[in-house]
Amino acid sequence: MDKTYNPHVIEQKWYETWEKDGHFAPAGNANGENKPYCIMIPPPNITGSLHMGHGFNNTVMDSLTRFHRMRGDDTLWQPGTDHAGIATQMVVERQLNAEGKTRHDLGREAFIDRIRDWKEESGGNITRQLRRMGSSLDWSRERFTMDDGMSKAVQEVFVRLHEEGLIYRGKRLVNWDPVLHTAVSDLEVLSEEENGHLWHMRYPLVDSQGKGSEYLIVATTRPETMLGDAAVAVHPEDERYSHLIGQFVELPLTGRKIPVIADDYVDPEFGTGCLKITPAHDFNDYGVWQKHRDEKAISEQPFGGLINIFTPDACIKSSPADDFSWGHKARDKDQLQRADNVPLEGKATSEIIPSEFHGLDRYEARKLIVKLLDKNDLLEKTDKHKLMVPRGDRSGAVIEPLLTDQWYVKVGPLAGPAIKAVENGDIKFVPDNWKNTYFEWMNNIEDWCISRQIWWGHRIPAWYDEQGDVYVGRSEAEVREKHGLSADMKLSQDEDVLDTWFSSALWPFSTLGWPENTDAVKTYYPTSVLVTGFDIIFFWVARMIMMGLKFMGDVPFKEVYIHGLVRDSHGQKMSKSKGNVLDPIDLIDGIELEALVDKRTAGMMQPKMATKIEKQTRKDFPDGIPSFGTDALRFTFASLASTGRDINFDLGRVEGYRNFCNKLWNAANYVLMNTEDKDCGQNGGEVELSAADKWITARLHQTQQTVIRSMEGYRLDHAAQAIYDFTWNEYCAWYLELSKPVLTNEKSSEAQLRGTRQTLVRVLESLLRTAHPLMPYITEEIWQKVAPLAGVEGATIMREAYPEPPVDKVNAPEGSREGPLGGEDAIHEMEWVKEFIVGVRQIRSGMDIKPSKPLPVLLQNTNDTDKARLERNQNTIAFLARTESINVLSAEEEAPESATALVGEMKVLIPMAGLIDKDVEMARLTKEIEKKQQEVGRIEGKLSNPKFVERAPEAVVKKERDKIADIQTALNSLKEQRERISKM
RNA sequence: AGGCGCGUAGCUCAGUUGGUUAGAGCACCACCUUGACAUGGUGGGGGUCGCUAGUUCGAAUCUAGUCGCGCCUACCA
């Protein structure tokens, strides 16, 4: 082993070996005892690169996977990527734009080829990065959501749902992205509060004779939509306006007459209590229109009131042709009429919109309308107003509600069983609270718009004849056959593709080969656990549950472990625009400050932001980021995996765990130095175990129990903490030190030496297996060297058995792989030894005595146990406390003036002559006495309370009594000591 | 508007069904280059657990209220 810990050298090497030797593949179940354990990776987007969220998420999954694999489960962690329809299409379109082309120049097929080419080149970036994280994914089963097999699954699901009437086509208002020219689902729209205006517009009454006011005032945040108004609504009980219900107002700038209708949707308190109704451009107005569409005054409006004024670009229509080319595809007049039952007699939309607005963008139209209203004295006032603006999560464009033909999944019938599965515990959320979020959404679920007007994705398996009738089937041939359509009948496939989440929803079973009934499907479905962040409970988790139950008749996973989102150390979300992103790979490899600054400011549109980010980065990382290695990063992620929602990532933690790796490395180095080429008892021979040997073994077992319990409960932070604590504070800080006096003592017997060496290697070997799921590389590297010394043979630690510590540390069977048994006596003895040593050290440190100076020690008030323990451990104590001599005083012997430490009732005395300052020792004792007195006071308070003694459990009372007795003894002892010294 | 989460040491976080002197890492102070490790060792300082009331023999932990921060849902033009 190298003298110094160098993660880079070992990491690369081991990952390649593991992958090459097929260690990531499931073990299978040849012996009939291996339970299946399966995790499906949440497929990362092919356009993406590894971010901290991935790093965290994959650390958790890999740790679970390695843990279960070592425990003998038939373990599969399956990788794959998501085609990410819109995101990917945008990436490649941007490339084309740079070449001065658009996707339309290439045509659909060539464009898709181009995307596939791009995927071959760049799409593997993230899987390479996953490998760097040490992820033990079975790459031989890697899937991609656009694979043939996946397409088949998607098609099958679509057709079956359609056959059952759970997929339908409808003309509805959808969230339309006017930049990307596609519909998006509710979930892909992010509404945020923005500053805007509330315009109060005057709509003149048509017949104001004797009716009081001459106009109604409507307030709107979107004046441009007035061109599509169909009515003005007031609350039916609003006395201010009740007399006007049924009257007409003149729609300014257009001359159209629209009715005043009554609807209790209107809030009389808001604005003037008059609400303009624009049913084709507002979801709520559409709802109002549906209730009133049969009223004559509405139905006689153009298009029955459903007046769509926008083109797909969100510009005002400028020609009659626009009426038939909005949405995403041209439709003829008859079809439109049939679909909506809306009469098309009369004028085209462009003819009812004044020509000065034609072709204007929605915001230009807004400006002009406000200007003209103002000019005509029809603008009452303009108020500043905060409003929720819906934007597409990909394009950032303001989403326009637009009437188009789309495909929908009727979600209600799927949601019922999905809710039940969580209610009855078939699926458990961890932490449990997240089920509330799930129920909340599932109980208010809306039909899911699944069609997208883009090219990259699963094309919808539907064909149209020339009359526009639609046929759904697995292929054109199947459609013809099913519906008896003649071969010469012209059919054209739907141009749209499916929402990416539609294929993701099938992920837990499509990856296993469904719709074929493969062995993998039979073995690994339902999968064991889904590990993901809470941000996609709606997007993904809920939909997988619905689809799994529907098509597999069983839940897709038994548990959902929801973890937090990784933020920066101040709790800020990491984002490119904030310039606070950390790249896990940079934490592994390290990065120079300049490179980091460049990376963070690259592509910044606003120079101001770039400057700010640069400044912040230079402040946060004055020396760049040092290289920490994968294991340190993984251990950090694990240590942060508590139940909270936010994970604030602090670089200091990684540094601490990098040091931990280094500690482990050096400890191994020490162990090897003392055991390699030496007899560690692998081949038999008498072995004598010291109290220290037994003690560390017992502590190892306790640690392993904690780790196993923690892993089973998804508390990786507790597992990490237990491993850290044991390794550093017990194995390294104490046991390695305790081994030194044995190994260096010429008087040690062969059996003693063998016992110590054996314990050194066996505990280390077992510890490495315990830690391996969290820190795979360093444990493998060390294990390779240590295992043979512990008498273990194997190709790799990752295929070794996970430690099974004996539950009962006194009575467990002999010959456990985790080492011999400890035992209570050994533990107590070691506590005594440690107290002794610490006591001397405290005096030494408190008195400013050089560590190198050997001290004479006297023991007073010793009992037989003390003497026996001293006998056995004298050499150890002398070595670790650096004593010159240890002498037991008999009861009648007077002790010289000394500094004192207490070990139970025994006094450890260090004579002060020439060494120790009286005042310092007085102060030390006084402080100690005060502390003890405080505690005595607290406990006395408890015990003198009769209610406590009466009502508290006996064990608790006894504990307090024992405690106070101990403290009293110590206190008396200390007081006495102070008394003596004060007389000096 | 509704729902949820968080508030513990200077910072980042643990704290299991209420019962030790409330812990860890980093940072801080002093001492130490002793032969695994200065990415280290030894010793030490630092918290009225956001606030208030209640339940209880006993509250960081349970209940109610309150303040602060954050998130997610929602149709207020």
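Computed from a predicted model, the values in this text were never measured in an experiment.

What to know about the overall build of chain A
Tallying secondary structure elements over chain A gives 33 helices and 29 strands in all. Relative to a compact globule of 984 residues, whose C-alpha radius of gyration would be 30 Å, chain A shows 38 Å and is clearly more extended. The dimensions of chain A, computed from C-alpha atoms along their principal axes, are 120 × 70 × 60 Å. Among the 984 residues that make up chain A, the fraction classed as buried is 54%. Long-range contacts, defined here as pairs at least 24 residues apart, represent 78% of the contacts in chain A between residues at least 6 apart. Carbon and sulfur atoms form 47% of the exposed surface of chain A, whose accessible area is close to 43,500 Å². With 122 positive and 153 negative side-chain charges, chain A shows a spacing of 3 Å between the two charge centroids.

Comments concerning the protein's contact with RNA strand B
Surveying the vicinity of RNA strand B reveals 53 residues, the closest of which are Asp267, Ser642, Arg645, Asn648 and Arg951. Asn284 places a polar side-chain atom, nitrogen or oxygen, 2.9 Å from a sugar or linking oxygen of RNA strand B. Here a phosphate oxygen of RNA strand B and a side-chain polar atom of Trp728 are 2.6 Å apart. Every element with two or more residues in the surface near RNA strand B is listed here: strand 8 (215–220), helix 24 (651–675), helix 26 (716–744), helix 29 (824–846), helix 31 (918–943), helix 32 (946–951) and helix 33 (954–982).

Remarks on the sheet that holds strand 22 (residues 527–533)
Taken together, the three strands give an open sheet; going across it, the order is 15-23-22, and neighbouring strands pair in parallel fashion. With one partner strand each, in any of the chains shown, strand 15 (428–430) and strand 22 form the two edges of the open sheet. Neighbour to neighbour, the strand axes of the sheet diverge by 20° on average, direction disregarded.

Describing the sheet that holds strand 27 (residues 883–888)
The mixed open sheet is built from four strands, whose spatial order is 27-26-29-28. This sheet does not close on itself; its edge strands, each paired only once, are strand 27 and strand 28 (898–903). Geometrically, the sheet is characterised by an average inter-axis angle of 25° between neighbouring strands, direction not taken into account. Note: strand 26 (residues 855–860) against strand 29 (residues 906–911), three bridges, orientation antiparallel. Looking at the pairing, Leu859 lines up with Val908 of strand 29. Of the strands in this sheet, strand 28 and strand 29 touch helix 33, which is tilted by about 175° from strand 28.

Section: the nonpolar core
In summary, soluble globular proteins display a tendency toward joint burial of nonpolar side chains. Judged by nonpolar contacts, the single largest core of 210 residues is most densely connected at Tyr438, Met442, Phe502, Met547, Phe649, Tyr731 and Phe836. The element contributing the most residues to this core is helix 26, with 13 residues. Leave out the neighbours within four places in its chain, and Phe502 touches Val154, Val157, Phe158, Leu161, Ile167, Val409, Trp448, Ile450 and Met547.

Re the packing of helix 2 (residues 52–70) against helix 25 (residues 691–712)
To describe two helices that pack against each other, one gives the angle between their axes and the distance between the axes. Where helix 2 contacts helix 25, the axes come no closer than 11 Å and their chain directions differ by 120°. Relative to helix 25, helix 2 is oriented oblique. As helix 2 runs across helix 25, the sense of the crossing is left-handed. Across the interface between the two elements, Ser63, Leu64 and Phe67 from helix 2 touch Ile708, Met711 and Glu712 from helix 25. Taken together, the residues of the contact of helix 2 with helix 25 sort by class into four nonpolar, one polar and one charged.

A look at the confidence of the model for chain A
Close reading of the predicted structure is inappropriate where its pLDDT is low. Model confidence for chain A is summarised by a mean pLDDT of 87, while 95% of its residues fall at 70 or above. Overall, residues 326–343 carries pLDDT values under 50, and its contacts beyond four positions in sequence, including any with other chains, amount to 51 contacts. Overall, residues 809–813 carries pLDDT values under 50, and its contacts beyond four positions in sequence, including any with other chains, amount to 12 contacts. Two summary scores accompany this predicted model of the complex, namely pTM at 0.91 and ipTM at 0.94.

Observations concerning the pattern of salt bridges
By the definition in use, this model includes 60 salt bridges. Salt-bridge contacts for Arg366 lead to Glu224; the nearest nitrogen and oxygen are separated by 2.9 Å. Within this pair, whereas Arg366 is found in helix 12 (residues 362–375), its partner Glu224 is found in the loop between strand 8 and strand 9 (231–234), the two being separated by 142 residues in sequence. Here the two residues Arg366 and Glu224 agree in accessibility, since each one is buried. Note that Asp679 and Arg754 form a salt bridge whose closest N and O atoms lie 2.7 Å from each other. Taken as a pair, Asp679 in the loop between helix 24 and helix 25 and Arg754 in helix 27 (residues 750–771) lie far apart in primary sequence, 75 residues in all. On the accessibility criterion, Arg754 (11% relative accessible area) is buried. Three or more residues are tied together by salt bridges with common partners; here these are Arg222, Glu224, Arg362, Arg366 and Glu400.

Thoughts on the environment of Arg709
Looking at the secondary structure, you find Arg709 in helix 25. Assessed through its relative accessible area of 56%, Arg709 is described here as exposed. Measuring from C-alpha to C-alpha, the distance between Arg709 and Ala719 comes to 8.1 Å, with 10 residues separating the pair along the chain.

A word on the pairing of strand 11 (residues 257–262)
As paired strands, strand 9 and strand 11 are joined by three bridges and run parallel to one another. In the strand pairing of strand 11, Ala233 is matched with Ile261. Examined bridge by bridge, strand 10 (residues 248–250) and strand 11 share three bridges and lie antiparallel to one another. Across the sheet, the residue bridging to Phe248 is Pro259, located in strand 11. Following strand 10, the chain reverses through six residues before pairing antiparallel with strand 11; Leu253 in that reversal takes a positive phi of roughly 70°.

Cut-off values and rules
Residues numbered from 1 in each chain as written. Chains lettered and ligands numbered in written order. Predicted model: local features only at pLDDT ≥ 70, side-chain atom pairs only at ≥ 80, totals over all residues. Heavy atoms only, no water. Helix = DSSP H or I, 4+ residues; strand = E, 2+ residues; numbered from the N terminus. Rg over C-alpha atoms; globule rule 2.2 N^0.38 Å. Buried < 20%, exposed > 50% of the residue type's maximum accessible area, 1.4 Å probe, protein only. Contact = heavy atoms within 4.5 Å. Areas by Shrake-Rupley, 256 points an atom, 1.4 Å probe, with all protein chains shown as cover. Lys, Arg positive; Asp, Glu negative; His and termini not counted. Charge placed at Lys NZ, Arg CZ, Asp CG, Glu CD. Near = heavy atom within 4 Å. Polar contact = N/O pair within 3.5 Å; in protein donor to acceptor, adjacent residues only side chain to side chain. Pairing = 2+ DSSP bridges. Axes fitted to C-alpha atoms, helices over the stretch in contact; angles between N-to-C directions. Core = buried A, V, L, I, M, F, W, Y, C linked by side-chain atoms within 4.5 Å. Parallel < 35°, antiparallel > 145°, perpendicular 65-115°, else oblique. Left-handed = near helix turned anticlockwise from the far one by under 90°. Nonpolar A, V, L, I, M, F, W, Y, C, P; charged D, E, K, R; others polar. pLDDT = per-residue confidence, 0-100. Salt bridge = Lys/Arg side-chain N within 4 Å of Asp/Glu carboxyl O.

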